[in-house]
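# Overview (structure and organization)
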Amino acid sequence: MASGMAELLRLLLSVAEKAANVARVCRQEAPLFELLVQEKTGVDKNKKFVQDFKTLADVLIQEMIRHDVCAKFPELTGFIHGEESNKFKNGLGESVIVRVCAQEEDTTALLAKVLDGDQNAASLLTKVIHQDLQIKDETAESLQLSISPADVGIWIDPIDGTSQYIEGKEEEEPDEGFCPFGLPCALVLIGVYLRSTGQPVMGVINQPFNHKDSTGKGWKGQHLWGVSYGEVNVCSFKHRRPSCPQKRDGLSVLLSSSEKPAVKDALAAIPSSSLMYASGAGYKILCVVQGLVDVYVLSEGSTFRWDSCAPHALLRALGGGVSDLRECMRARVSGNKGHTAELTYHQPHTESQGVDRWANRGGIIAYLDSSIIDKVVAALAGKIF
């Protein structure tokens, strides 16, 4: 990787770990946590959930990543996109624009305003946001790539799986398989794409709540990254974890529990298939990355570019991908078999409003082996769209 991109990856690993620290700190104090939960409204509301929550942790993480990356790479200013609006209302109903300031005391003062004057909470958060945290990764630092930070844009999902983060069921990931719900489903996702083509070229995934620490009270996390550009395909995830006990020799399909019955029935009819369910779009794609399931299928347009960009880059590094389900089905009808219709990340749906401009509206199919696309598409033919 030209040193600029190697430095960018190292910085993203570090800011993702800082983000994980913010996520953990925001859960430690119950009264603070209650104060942090806000409901999304209007065009920022994701239609899939009756109540879709925005947390201060979300907004802080997004703005911290934006601040830290632009400070080191000013050429990325204007090309760092996130899920969250950075406008926040405090308990007095005052609107505050959340941002990370150059000086710690200014960030503390701004956060104290958001937190209704709670100086202790504001100081605690500021300390985490402004810490100088460096993640060392020799493989990441030695990569060579023929593009520079000026060629790319970034998608941030500060906490993918917000509902699981808020509900906070303290399930640990099992030694085999995955968590269908709970804190491990909440991820920090940072995806990097080429401005020219929208192709995902780099992804960082941080899982703040992977397992409990030795005291059994706090949490430890883990991170994974991948780079895929030209001849370079490198992923930090090398060893597949033991598969789910329920994963048989046939096709294991991961779905959202709210998936349409017609889709569930059609996929269940594939010989030797097994259907499984988990929370969080990013976490479901991570399960595919880790080889815990064969494929993740979603027929609805309820995920967004920020959900899929980071894990998509990891899958590409491993030879897989994330494709537009509707486009794959259209390709089959038109006889263009083998067309993978991979998602791109640079162009909005200009006719849409708010978050819908960046929806993966044809549904998605995430896979390590592209031959699975034909099996899934054949099973769903005539059943959806």
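If you're wondering where the values come from, they're calculated on a predicted model, not measured in any experiment.

Criteria and thresholds
For every chain, the first residue of the written sequence is number 1, and numbering continues from 1 onward in sequence order. Note on the predicted model: pLDDT of at least 70 is required for a residue's local features to be given, and 80 or more for side-chain atom pairs to be given and counted; whole-chain, interface and lining totals, by contrast, use all residues. Side-chain figures throughout are based on the complete set of non-hydrogen atoms in the structure, without hydrogens or water. Helix numbers and strand numbers start at the N terminus; a helix is a DSSP run of H or I with at least 4 residues, a strand a run of E with at least 2. Whether a residue is buried, partly exposed or exposed follows from its accessible area with a 1.4 Å probe, protein chains only, as a fraction of its type maximum: under 20%, in between, or over 50%, in that order. Here, residues are in contact when the closest pair of their heavy atoms is within 4.5 Å. Each accessible area value is a Shrake-Rupley result obtained with a 1.4 Å probe; residue values ignore everything except the protein chains displayed when judging cover. UniProt positions are given in the numbering used here, feature names are shortened, and annotations may be inferred rather than shown by experiment. We treat two strands as partners when DSSP finds at least two bridges between them. An axis is simply a line fitted to the C-alpha atoms; with a helix, the fit covers only the stretch in contact. Between two such axes, the angle follows the N-to-C directions and lies from 0 to 180 degrees. Note on terminology: a nonpolar core comprises buried Ala, Val, Leu, Ile, Met, Phe, Trp, Tyr and Cys residues joined through side-chain atoms within 4.5 Å.

### Looking at the overall build of the protein chain
- When helices and strands are tallied, the protein chain shows 12 helices and 15 strands.
- In the protein chain, buried positions account for 56% of the 385 residues.
- Relative to all contacts within the protein chain whose residues are 6 or more apart in sequence, the contacts with residues 24 or more apart total 71%.
- Counting only carbon and sulfur atoms, one obtains 48% of the accessible surface of the protein chain, whose full area is about 15900 Å².

### Quick notes on the UniProt feature "binding site: Mg(2+)" (unreviewed entry) in the protein chain
- UniProt marks Glu 83, Asp 157, Ile 159, Asp 160 and Asp 307 with the feature "binding site: Mg(2+)" (unreviewed entry), using the numbering shown here. Considering the C-alpha atoms alone, the annotated residues occupy 225 residues of sequence yet fold into one spot, their largest mutual distance being 9.6 Å.
- What Ile 159 contacts, discounting residues up to four positions off in sequence, is Ala 23, Thr 55, Ala 57, Asp 58, Ile 61, Tyr 165, Ala 186 and Leu 187.
- One can find Asp 160 in strand S6 (residues 152-160).
- The class of Asp 160 is buried, set by a relative accessible area of 4%.
- Sequence-distant contacts of Asp 160, that is, excluding residues within four places in its chain, are made with Cys 185, Ala 186, Leu 187, Leu 189, Gly 280, Ala 281, Gly 282, Tyr 283 and Asp 307.

### Side note on the pairing of strand S10 (residues 232-235)
- Pairing analysis gives four bridges linking strand S9 (residues 219-229) to S10, with the strands arranged antiparallel. Bridging from a neighbouring strand, Gly 226 pairs with Cys 235 of S10.
- Between S9 and S10, which pair antiparallel in sequence order, lie two residues; one of them, Gly 230, sits at a positive phi of approximately 60°.

### Some words on the pairing of S6
- Counting buried residues in S6 gives nine out of nine residues, a clear majority hidden from the surface.
- Two elements, strand S3 (residues 80-82) and S6, share three bridges in a ladder whose sense is parallel. Paired with Ile 80 across the strands is Ile 154, a residue of S6.
- Across seven bridges, the pairing between S6 and strand S7 (residues 187-194) is antiparallel. Within S7, the position partnered with Ile 156 by the bridge is Ile 190.

### A closer look at the sheet that holds S9
- One open sheet holds the six strands; their spatial order is S3-S6-S7-S8-S9-S10, and the pairing between them is mixed. With partners counted over all chains shown, the strands left at the sheet margins are S3 and S10, one partner each. Strand-to-strand twist of the sheet, defined as the mean angle between neighbouring strand axes without regard to direction, takes the value 15°.
- Contacting S6, S7, strand S8 (200-212) and S9, helix H1 (residues 3-28) runs over the sheet at an angle of about 30° to S8.
- The sheet contacts of helix H3 (residues 56-72) involve S3, S6 and S7, and relative to S6 the element is tilted by about 155°.

### Remarks on the environment of Val 295
- Structurally, Val 295 is set in strand S13 (residues 295-298).
- On a C-alpha basis, the gap between Val 295 and Leu 255 in space is 8.8 Å, while along the polypeptide they are 40 residues apart.
- Those residues in contact with Val 295 that sit more than four places away from it in its chain are Ser 252, Val 253, Leu 254, Val 288, Ile 365, Ala 366, Ile 372 and Val 376.

### Topic: the nonpolar core
- Counting residues in hydrophobic clusters, the biggest one holds 66 residues, and the most contacted among them are Leu 12 and Ile 154.
- Looking at which element gives the most residues to this core, the answer is H1, with 13 residues.
- Leu 224, Ala 278, Ala 281 and Ile 364 belong to the second-largest nonpolar core, a separate cluster that totals 41 residues.

### Quick word on the sheet that holds strand S11 (residues 252-255)
- What the five strands build is an open sheet, ordered S12-S11-S13-S15-S14; its pairing is mixed. At either end of the open sheet lies a strand with only one pairing partner, and these are strand S12 (274-277) and strand S14 (321-324). Strand after strand, the sheet turns through a mean of 25° between neighbouring axes, direction not considered.
- In the sheet, S11 pairs with S12 via four bridges, with the strands oriented parallel. By the bridge assignment for S12, Leu 255 is matched with Tyr 277.
- Sitting on the sheet, helix H9 (residues 281-289) is in contact with S11, S13, S14 and strand S15 (364-367), with an inclination near 150° to S13.

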